[in-house]
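Understanding the architecture of this molecule
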Amino acid sequence: MRRVRAARGRGGRPGLAAATVIGALVLAGCGGSDSGSSGAELSVDAAYIPQPVSDSMAAGFLTITNDGDTEDQLTSVTSEAGDVTVHETVDGTMKEVDRLPVPAHGELVLESGGNHLMFEKLTQRLEEGETVSVELHFAHSDPVTVEVPVKAATYRPASEHSEHTEGSEHSEGSEHSEGSEHSAPSEHAGH
C-alpha cells in the first residue's frame, strides 16, 4: 500500500483536512434519505375554480392523491392570480391553516363544504374558460404545478359515488363552504 503524505501549510494539520474530507463524503452518502425508500408519490386531478361573483375572491378545489408509502403535507399554494391560502373546514366553520396532511396511499380532497383553497386579492377577474396556474408546495415533495380551469359558477362535478362524471376521471365536491372568517358571503353561499 502506498502512503501519501499530506502537505502541511503553516500551522496546518493534515489529520483535520482528512477528517473534513471524510466527513463530507459520509454526509454525501447519507444525503439521499429518500433514495432507498419509497416516498410520497403525488398526483393532482379534479381541479377547478367556480367562476367567482367577486372581483377579488375565489375558491379552488382539487384532489391530491398519494400513491406512495410516506405521508406528506400540503404546506402552501402560490399563484400569479392572487394570494392563495389553504383552509380547513370543521363542523361548518372554516379557518386558514398552514398545512393539511396527504396520507400515504390516500387522498387529500379539497371540496365544497370541506377543505379548500381561497384565492384573495385577485389580479384580474376570473372568467369561465380561462385557466389559472397554481403551484402546490409540500413539506417533503417537490412542488407540483397545476393548470386549474375556471368553470361556470353553477358547475357541479359528480361525486366519486356517481356513475357519471362531467368530463373528469375523478371529481368530488362542487362549491365553497359558508361561514367564513372572510367578508364575502356571496362567494361562500351556494352557487
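To be clear, the structure that these remarks concern was listed above.
The following paragraphs examine the structure supplied in this document. Along each chain, the written sequence defines residue order, and numbers are assigned to residues from 1. Reporting of local features is limited, given that this is a predicted model, to residues whose pLDDT is at least 70; pairs of side-chain atoms are given and counted only at 80 or more, and all residues count toward the totals for whole chains, interfaces and linings. Only heavy atoms go into the side-chain values, all of them from the structure, while hydrogens and water stay out.

1. With respect to a negative patch on the surface
Patch rule: a residue counts if its relative accessible area is over 30% and it has no salt bridge; like charges are joined within 9 Å, and nonpolar side chains (Val, Leu, Ile, Met, Phe, Trp, Tyr) within 5 Å. Here the Shrake-Rupley method, with its probe set to 1.4 Å, supplies the accessible areas, and only the displayed protein chains count as covering residues. Definition used for salt bridges: Asp or Glu carboxyl oxygen within 4 Å of a side-chain nitrogen of Lys or Arg. Note on charges: Lys and Arg go in the positive column, Asp and Glu in the negative column, and His and the chain ends are not counted at all. Working definition for charges: the position is that of NZ of Lys, CZ of Arg, CG of Asp or CD of Glu. A cluster of acidic residues, Glu-41, Asp-67, Asp-69 and Glu-107, forms a negative patch at the surface. Here a strand is any run of E in DSSP of at least two residues, a helix any run of H or I of at least four, and the numbering for each starts at the N terminus. Mapped onto the fold, Asp-67 is located in the loop between β2 (57-66) and β3 (72-79).

2. Here's the deal with the packing of aromatic side chains
In this description, an aromatic ring pair is defined by two values, namely the gap between the centres and the angle between the planes. Here is the rule: rings of Phe, Tyr and Trp (six-membered ring for Trp) pair when centre to centre is within 6.5 Å. Planes less than 30 degrees apart are stacked, more than 60 are edge-to-face, and the remainder are tilted. Summed over the entire model, instances satisfying the criterion amount to two aromatic pairs. Relative to Phe-61, the ring of Tyr-48 lies with its centre 5.4 Å away and its plane at 45°, an arrangement referred to as tilted. With Tyr-48 in strand β1 (residues 42-50) and Phe-61 in strand β2, this pair connects stretches of sequence that are 13 residues apart. Where Tyr-48 meets Tyr-155, the ring centres are 4.9 Å apart and the plane angle is 75°; that geometry is what we call edge-to-face. Of this pair, Tyr-48 sits in strand β1 while Tyr-155 sits in the loop between β10 (144-151) and α2 (185-188), and the two are 107 residues apart along the sequence.

3. Observations regarding the pattern of salt bridges
Overall, the coordinates contain four salt bridges when judged by the stated rule. For the salt bridge of Lys-121 with Asp-83, the shortest nitrogen-to-oxygen distance reads 3.8 Å. Pair noted here: Lys-121 is in the loop between β8 (116-120) and β9 (131-138) and Asp-83 is in strand β4 (residues 83-90), with a separation of 38 residues, a long-range link. Between Glu-127 and Arg-125 there is a salt bridge, with the nearest N and O atoms lying 3.4 Å from each other. A single salt-bridge network, built from bridges that share partners, covers Asp-55, Arg-125 and Glu-127.

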